[in-house]
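Here is how the chains run, residue by residue.
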Amino acid sequence: MIAGLVRARGAGGVRVRSGRTAVPIAVGAALLVVASLVGLAIGPVNIGVDAIVRSAASNLPFLHVHSGMSAGDNAILWQLRAPRVVLAMLVGGMLALAGASYQGVFRNPLADPYLLGIAAGAGLGATMAIVYAHGALDTYDLIPLVSFAGGSIAVAGTYVLGRSAGGRSPTTMILAGVTMM
């Protein structure tokens, strides 16, 4: 059937793929580097990719490279743009990990945050924070917290509804999540 797929089933029934993972990982790493360089280069101040690479090399130990950037450009690059790019990589990685865990738990490649009502609960929490939190605290600081609470309450409600319907099977949880939306 599919060449390279080893049908060896170990503990937990895991299928092991042999050989074909080096190319996708290399392509993904190359795309991550390119996206990082683009994220570091784009902004109101024009900083070229060659200047970014030289500045990064000048910060590495045992390499005696002079970046040639001004102090202002260096501050823009490392104090404004680099944290933004690193945060974007972390958020993207966490979203990918959350999606993969959803798909693994439910054994469904189409699983998404709408499956258990998390997105609906978070949206309801954000809407309530925007509508009802006039002047209580800084509304923009309150929105992520109330969204997280709304998503957590939706998951708890889905879990309680799924347990009351007769078990913790993935099918029961999916049906409870669709009902909670």
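The present account deals with the structure reproduced in this document. (Residues numbered from 1 in each chain as written. Predicted model: local features only at pLDDT ≥ 70, side-chain atom pairs only at ≥ 80, totals over all residues. Heavy atoms only, no water.)

1. What to know about the packing of aromatic side chains
How two aromatic rings sit relative to each other is set out by the distance from centre to centre and by the angle between their planes. Per the counting criterion, the structure on display carries 1 aromatic pair. Geometrically, the ring pair formed by Y102 and F106 is stacked, given 6.0 Å between the ring centres and 25° between the ring planes. Linking Y102 with F106, this pair stays in helix α3 (residues 71-106), spanning 4 residues, or about one helical turn. Relative accessible area serves as the criterion here: at 14%, Y102 is assigned to the buried category. F106 sits in the buried class, given a relative accessible area of 11%. (Phe/Tyr/Trp six-rings, centres within 6.5 Å; stacked < 30°, edge-to-face > 60°. Helix = DSSP H or I, 4+ residues; strand = E, 2+ residues; numbered from the N terminus. Buried < 20%, exposed > 50% of the residue type's maximum accessible area, 1.4 Å probe, protein only.)

2. A closer look at the nonpolar core
Counting 9 residues, the largest nonpolar core consists of L40, A41, I47, A51, I52, M69, L77, A82 and V85. When residues in this core are grouped by element, the largest group, 3 residues, is from α3. In contact with I47, not counting residues within four places along its chain, are A41, I52, M69, D73, I76, L77 and R81. Core analysis: the second largest hydrophobic core is formed by 6 residues, F106, A111, L116 and M173 among them. (Core = buried A, V, L, I, M, F, W, Y, C linked by side-chain atoms within 4.5 Å. Contact = heavy atoms within 4.5 Å.)

3. Let's talk about the packing of helix α2 (residues 49-58) against α3
Where α2 meets α3, the axes come as close as 11 Å, and the angle between the chain directions of the two elements is 80°. As the angle between them shows, α2 and α3 are arranged roughly perpendicular. In contact with I52, S55 and A56 of α2, α3 contributes N74, L77 and W78. Looking at side-chain class alone, the contact of α2 with α3 contains 4 nonpolar, 2 polar and no charged residues. (Axes fitted to C-alpha atoms, helices over the stretch in contact; angles between N-to-C directions. Parallel < 35°, antiparallel > 145°, perpendicular 65-115°, else oblique. Nonpolar A, V, L, I, M, F, W, Y, C, P; charged D, E, K, R; others polar.)

4. Observations regarding helix α1 (residues 22-41)
For α1, with 20 residues, the first-to-last C-alpha span of 29 Å sits near the 28 Å given by 1.5 Å per residue. Considered for burial, the residues of α1 that qualify are S36, G39, L40 and A41. Those residues of α1 that are buried are in contact with α2 and α3. (Expected span 1.5 Å × (residues − 1).)

5. What to know about helix α4 (residues 118-132)
Across its 15 residues, α4 extends 21 Å between first and last C-alpha, which sits within 8% of the 21 Å expected from 1.5 Å per residue. Among the residues of α4, G121, G125, A126 and A129 are the ones counted as buried. End-on, the buried residues of α4 take up no more than an arc of 135°, which puts them together on one face. (Arc of directions from axis to C-beta.)

This is a description of form; function is not addressed.
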